Amino acid sequence: MRNYLLIILLIFSISCQNNKEIKSLKLAHTLDVNHPVHLGMVHMAELLDQKSEGKLTIKIYPSGQLGGEREAVELLQVGSLAMTKVSAAVMENFAPNYKVLGLPYIFRDVAHSHEILDGEIGQKLLQESEKYKLLGLCFYDAGSRSFYTKKSSIEKPSDLEGQKIRVMKSNTAVNMVKALGGSPSPISYGELYTALQQGVVDGAENNPPSFYTSRHYEVCKYYSLDEHTTIPDVLLISTDWWNLLNEQEQKWVREAAEESVIYQRKKWAESEKESLEELEKEGVIITRPDKSKFADQVEQVYEAYADDEEKYELIQKIRGQQ
C-alpha cells in the first residue's frame, strides 16, 4: 500500500464513544464564516450528523486556514484532506470541460443555471473530475460576477479599455476581459485589496456578497451589474477518502450535500440582497448596464471552442436549453 494511503488511515479520525465508531472528515475552504456558501457547508455537516446519528461528522476549517483553493485541491489529490469547496473556474485545471461554466452569458438567468447544474449535464461534470481523484458532490450558488472599479462605472465594453482588471487564474476569464477591451491581471484573491489600493489594478469582478465581505468597496466605489458570468462553487471529496467510506456512509454524504444545496441557495439570495443594500449605504454607486452590449462582444470567446468537438457540443447543449 502506498505511503499516502497509510497516512490517510492514520489521519482518518476514528474514536470510540459509547461503543460507537465515529469518523470525522476534514473540510477546508477559503471563505469567511459569514459567507452563504460556508453556511451551506455548515448545514451539510449538521445534516450528516443527523443522518448518521453522530457516526460520521465533518470538521470545517474556513478562511484559508489550510491554504488557498488550488492548494486544497492538491491536498485532496494526495489524500491529506477529505473535502473542499472551490470555484468551478479552478476546476478548469483538473477537469477541462468545467471551462464551459465560466463562459460569459452561457446561462440565461439564475433559474437556467440551476436547471443545468441540477440536471444531467451538471452530474456528468461532477463525475468527470473523479479520474483526477476529485469527486464532485454538488454545486453551490455563487451568484453572478460583475465589474467593480475605482475610476468610473462600466456602462459599456469600451469603458474597460485601458483598465487593468483582476481576474481569477482562469484562461476563460482572461479571454473574456480581453474580448471586452480590458487588460486582465490574474492576481491572488488574498492580495487583491492591496493591489487595488496601490493601483496595481484598476478594478476586479465578483458577486455582491464577495465584493461586500472583502471590503473592496472601501477602494472601489463603482459597481456595474453586467453579470457577465455565473460560475458556481463545487463541493469536492477526495476519492481516497470516499473509498474509505462504506456504502451507507457514502449515501449519507451524498444526501447531506444535495439537501444542503436548497438551504444554501436560499441563504445566497438573502445575502445578495443584503449585500447590495449595504454597499449602497457605504456610498457605492451601483448601476445596471445593458447586458446585450457585453454579450454581443464576447461571442468571439465561443469561437475558440469551435475546433474542440466535446466542449463545443456541451456548449450547444447548454445554450440550446435557453
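Refer to the preceding data block for the structure.
My aim in this report is to walk through the structure given alongside it, one point at a time. None of these values were measured; they are calculated from a predicted model.

Here we look at the overall build of the chain
Here is step 1: Helix and strand content of the chain: 13 helices and twelve strands.
Here is step 2: Its C-alpha atoms give the chain a radius of gyration of 20 Å, within 12% of the compact-globule value 20 Å for 322 residues.
Here is step 3: Reported as C-alpha extents along the three principal axes, the dimensions of the chain are approximately 65 × 45 × 35 Å.
Here is step 4: With 322 residues in all, the chain has 54% of them scored as buried.
Here is step 5: The long-range fraction of contacts in the chain, counting pairs at least 24 apart against all pairs at least 6 apart in sequence, stands at 75%.

Re the packing of aromatic side chains
Here is step 1: One pass over the structure, following the stated rule, counts five aromatic pairs.
Here is step 2: On the numbers, 6.4 Å between centres and 55° between planes, the contact of tyrosine 98 with phenylalanine 139 is tilted. Of this pair, tyrosine 98 sits in the loop between strand 4 (83–87) and helix 4 (110–118) while phenylalanine 139 sits in strand 5 (residues 134–140); the two residues are 41 residues apart in sequence, bridging distant segments of the chain. Taken as a pair, tyrosine 98 and phenylalanine 139 share a single burial class, namely buried.
Here is step 3: An angle of 15° between the planes, with centres 4.0 Å apart, marks the rings of tyrosine 148 and phenylalanine 211 as stacked. With tyrosine 148 in strand 6 (residues 145–149) and phenylalanine 211 in helix 8 (residues 208–213), this residue pair connects regions lying 63 residues apart in the sequence.
Here is step 4: According to the relative accessible area criterion, tyrosine 148 is buried, its value standing at 0%.

Parameters at a glance
Residues numbered from 1 in each chain as written. Predicted model: local features only at pLDDT ≥ 70, side-chain atom pairs only at ≥ 80, totals over all residues. Heavy atoms only, no water. Helix = DSSP H or I, 4+ residues; strand = E, 2+ residues; numbered from the N terminus. Rg over C-alpha atoms; globule rule 2.2 N^0.38 Å. Buried < 20%, exposed > 50% of the residue type's maximum accessible area, 1.4 Å probe, protein only. Contact = heavy atoms within 4.5 Å. Phe/Tyr/Trp six-rings, centres within 6.5 Å; stacked < 30°, edge-to-face > 60°.

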